Amino acid sequence: MSIVNQILAGDVRAVARLLRDIDDQMPSAREILKELYPHTGKAYILGFTGSPGVGKSTLVDQIAMEYRKRGLTVGILAIDPTSPFTGGAILGDRIRMQRHFLDSGVFIRSLATRGHFGGLTKSTNDMITVLDAMGKDIIIVETVGVGQDEVDIANCAHTTVLVTIPGMGDEVQAIKAGIMEIGNIFVVNKADREGSRKTVRELRNLIELGLRRLGDQHWEPPIIETEALKGRGIPELLDAVEKHRQYLMENDRSQWEAVTQKRAKTQLLETLREEALAELLRRMANRGVSLDDLVRKVTARETDPYTVVQDLLQCELK
Amino acid sequence: MAEERKLRILIAKPGLDGHDRGARVIARAFRDAGFEVVYTGCHQTPEQIVSTAIQEDVDLIGLSILSGAHRYSFPRIMELLKENNAEDITVIGGGIFPLEDIPKLKAIGIKEIFEPGAKLDDIVQWVRTNVKPRKAMVA
């Protein structure tokens, strides 16, 4: 059986290996992705984001369980940071998801950021393509623990869940211009802790003041209190996701079209950026142009980055 | 395109002992060596370990065990790897083993056993020498 057919048939080993090839930027993986892409677009993509330690992995574990109870299959991409010094990583999100290890209806993959900023990895969108093609109904993307501006998930997921915890009230205020804008649903996890109601109130105030995703004026983000460890609030969270999905489908699916188009555009531009850069560097190398030389000249102020790029483009792209 | 291939390693603790300091130290050492380390915590069954190794497409499984249950769990893990056509994944062990068990473990395909006193640098060097990331699939 060809690799493409193995993937379409849900062969776990083939899927796992392809994901690795994608992560490692193997050119052969691109060829397989080309064949898989027409088979995709069926899965619902759900993003979980929030600061480190708010309970994203535990929530993802619970939500996966709830989807399984409702008869749906789940693919999970869980992202942890790469060391900026050694390039190594410890991927620990699985620790919270152990009970799914033997369920063939759940596929979990741990990913390292590998120097990519924005909360996702460079390969996340391509990996979603694979999990979609293998037939997973729901694909859950857990971002790396984020600060204020890692908002790539907003252009990746159909529904983005922003997770926070009580006692980050001041932070809620501070970050309202960045990450707070991307939540379709807000979760206050660890809601048994003191200050949970206050956090909910503060979020509600923000929302009443008009905190909305741009172009998403008619969706009022719900705020769900959860205790992920005990499973409290999980069915409510799932219902909120379902409501958001229905909202996207309203009015002749106009919102849905917008979201899926934004996804496609992001993926297209990402691929273009990556391939164009790689091609340009390849052509430079072929002509014997040394990147190091250019860096030296720029550093010495003999020239500037803008002129260099302009010259390169004129030379290489005519 | 064409980045270097990064080594992926699963550090797992089969069985019931909950002493994972060693597993964490070795996970950290592998991280500092530039490897991607999946760590799944304590109390893993052989089935869970093999399923994780396959889903995560690791090149190496490092089993940490202090309870003596290696006589059951190590052969079972090797068996499951074979059943799943994943015997290309290298398996090593670390922890406390009766000396007479070590040849038996190597005979079932455990590539190396590291006992207390093994130096982190030596373990990392062993991995660099003996474990290579696999080749890309071709459509």
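You'll find the structure just up there.
Description of the structure in this document. (Residues numbered from 1 in each chain as written. Chains lettered and ligands numbered in written order. Predicted model: local features only at pLDDT ≥ 70, side-chain atom pairs only at ≥ 80, totals over all residues. Heavy atoms only, no water.)

### Points about the packing of aromatic side chains
All names here are of chain A.
Link 1 in the chain: Enumeration according to the criterion identifies five aromatic pairs over all chains in this entry.
Link 2 in the chain: On the basis of an interplanar angle of 40 degrees and a centroid distance of 5.3 Å, the ring pair of W219 and Y247 is categorised as tilted. One end of the pair, W219, is in the loop between α7 (196-208) and β8 (223-225); the other, Y247, is in helix α8 (residues 234-287), and 28 residues separate them in sequence. Comparing W219 with Y247, the two get one shared label, buried.
Link 3 in the chain: Just above the ring of F101 sits the side chain of R94; from NZ or CZ to the centre is 4.7 Å. (Phe/Tyr/Trp six-rings, centres within 6.5 Å; stacked < 30°, edge-to-face > 60°. Helix = DSSP H or I, 4+ residues; strand = E, 2+ residues; numbered from the N terminus. Buried < 20%, exposed > 50% of the residue type's maximum accessible area, 1.4 Å probe, protein only. Lys NZ or Arg CZ within 6 Å of the ring centre and 35° of its normal.)

### Concerning the pairing of strand β1 (residues 44-50) of chain A
Residue and element names in this part refer to chain A.
Link 1 in the chain: Of all seven residues in β1, seven are buried; the element is thus mostly enclosed.
Link 2 in the chain: Residues Y44, L46, F48 and G50 of β1 are buried on one face, and the alternating residues I45, G47 and T49, pointing to the opposite face, are buried as well.
Link 3 in the chain: Pairing analysis gives five bridges linking β1 to strand β5 (residues 138-142), with the strands arranged parallel. Residue pairing in the sheet places G47 in a bridge with V141 of β5.
Link 4 in the chain: Alignment of β1 against strand β6 (residues 159-164), held across five bridges, turns out to be parallel. Note that in β6 the partner of G50 across the bridge is V163. (Pairing = 2+ DSSP bridges.)

### Considerations on unusual backbone geometry
Link 1 in the chain: Unusually for a residue other than glycine, D252 of chain A sits at a positive phi of about 60 degrees.
Link 2 in the chain: Located in the positive-phi region is H43 of chain B, a residue other than glycine, with phi close to 60 degrees.
Link 3 in the chain: Residue position: H43 of chain B is located in the loop between β2 (36-39) and α2 (46-55).

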